[in-house]
Amino acid sequence: MKLKISSFNILHCEDFIKEKIDFDAFAEVISKINPDVIGMNEVHGEGDWEEYEEQAEILGKKLNMNYYFAKATELDGTNPFGNAMLSRLPVKECVTIPIPDPDPKNYNGYYETRCVLKMVTATDPEITFLITHF
């Protein structure tokens, strides 16, 4: 089986020139890449802030792809942030695996909790994809 796999830090779909969230522009880029599976970093889930929408779902529906969002952390305690995947392949399961924070956190700067998104395809043979962001 020949697959096109990609990774994309979508920076929460922000167009930094127009200073706005632009799902259509990011969907167009992904469409041009034409991946079978794409792992995405810096993705928002639905939260309290206006710009916190289910970005994986929005992009998945625009591109007619399966989608899954894996929350790594919550900004300000209510705004999910993490990784996501889009897949043209049928999906058997997706799991969010937290990466434990160091104990103690010996760093005085900004620290962000991370996770791994594990996706298993419903193909023969099954294929496991792992998506993370460091």
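Everything in this summary refers to the structure shown in the same document.

Conventions and cut-offs
- Residues numbered from 1 in each chain as written.
- Predicted model: local features only at pLDDT ≥ 70, side-chain atom pairs only at ≥ 80, totals over all residues.
- Heavy atoms only, no water.
- Pairing = 2+ DSSP bridges.
- Helix = DSSP H or I, 4+ residues; strand = E, 2+ residues; numbered from the N terminus.
- Axes fitted to C-alpha atoms, helices over the stretch in contact; angles between N-to-C directions.
- Buried < 20%, exposed > 50% of the residue type's maximum accessible area, 1.4 Å probe, protein only.
- Salt bridge = Lys/Arg side-chain N within 4 Å of Asp/Glu carboxyl O.
- Contact = heavy atoms within 4.5 Å.
- Core = buried A, V, L, I, M, F, W, Y, C linked by side-chain atoms within 4.5 Å.

### Let's talk about the sheet that holds strand E4 (residues 37-44)
Alright, step 1. Read from one edge to the other, the open sheet built from four strands follows the order E1-E4-E6-E5, with strand pairing classed as mixed. Both outer strands of the open sheet, strand E1 (5-9) and strand E5 (66-75), are each paired with one neighbouring strand and no more. Within this sheet the neighbouring strands show an average axis-to-axis angle of 15°, counted without direction.
Alright, step 2. One ladder, built from five bridges, connects E1 with E4; its direction is parallel.

### Some points on unusual backbone geometry
A negative phi angle characterises most non-glycine residues, just as the trans form characterises most peptide bonds.
Alright, step 1. In the segment running from Asp124 into Pro125, the intervening peptide bond is cis, with an omega of 5°.
Alright, step 2. Structurally, the position occupied by Pro125 is in the loop between strand E8 (114-121) and strand E9 (128-132).
Alright, step 3. Look at Glu19: it is not a glycine, yet its phi comes out positive at around 55°.
Alright, step 4. Its location among the elements puts Glu19 in the loop between strand E2 (14-15) and strand E3 (20-21).
Alright, step 5. For Glu19, a relative accessible area of 65% translates into the label exposed.
Alright, step 6. Despite not being glycine, Glu42 shows a phi value in the positive range, around 60°.
Alright, step 7. Structurally, Glu42 is set in strand E4.

### Some details on the sheet that holds E9
Hydrogen bonds between backbone atoms are what pair the strands of a sheet, whose relative direction is either parallel or antiparallel.
Alright, step 1. Read across the sheet, three strands follow the order E7-E8-E9 without closing on themselves; strand pairing throughout is antiparallel. Edge positions in the sheet fall to strand E7 (91-99) and E9, since each of these pairs with one other strand and no more. Each strand of the sheet is rotated relative to its neighbour by a mean of 20°, with strand direction disregarded.

### What about the pattern of salt bridges?
Alright, step 1. Across all of its chains, the model carries six salt bridges by this definition.
Alright, step 2. Of the charged contacts, one joins Asp24 and Lys62 as a salt bridge, the two residues approaching to 2.7 Å between their closest N and O atoms. A residue pair is termed long-range when its members are at least 10 positions apart, and Asp24 in helix H1 (residues 23-33) and Lys62 in helix H2 (residues 55-63) qualify at 38 residues.
Alright, step 3. Relative accessible area serves as the criterion here: at 43%, Lys62 is assigned to the partly exposed category.
Alright, step 4. Close ionic contact of Arg114 with Glu112 constitutes a salt bridge, the shortest N to O distance being 3.7 Å.
Alright, step 5. The class of Glu112 is buried, set by a relative accessible area of 15%.

### What about the environment of Ile38?
Alright, step 1. Here Ile38 shows up in strand E4.
Alright, step 2. Along the primary structure Ile38 and Tyr67 are separated by 29 residues, whereas in three dimensions their C-alpha atoms are 9.7 Å apart.
Alright, step 3. Each residue touching Ile38, except ones within four places of it in the same chain, is listed here: Ser6, Ser7, Phe8, Ile30, Ala84, Met85 and Leu86.

### Observations regarding the nonpolar core
Alright, step 1. Ranked by size, the top nonpolar core spans 17 residues in total, and within it Ile10, Ile30, Met40, Leu59 and Leu86 carry the most contacts.
Alright, step 2. Secondary-structure elements contributing two or more residues to this core are H1, E4, H2 and strand E6 (79-87).
Alright, step 3. Broken down by element, the residue count for this core peaks at four residues, all from H1.
Alright, step 4. Excluding its chain neighbours within four sequence positions, the residues that come into contact with Leu59 are Ile10, Cys13, Phe23, Phe26, Ala27, Ile30, Met40 and Leu86.
Alright, step 5. Residues Val37, Ala70, Met85 and Leu117 belong to the second largest nonpolar core, which totals 10 residues.

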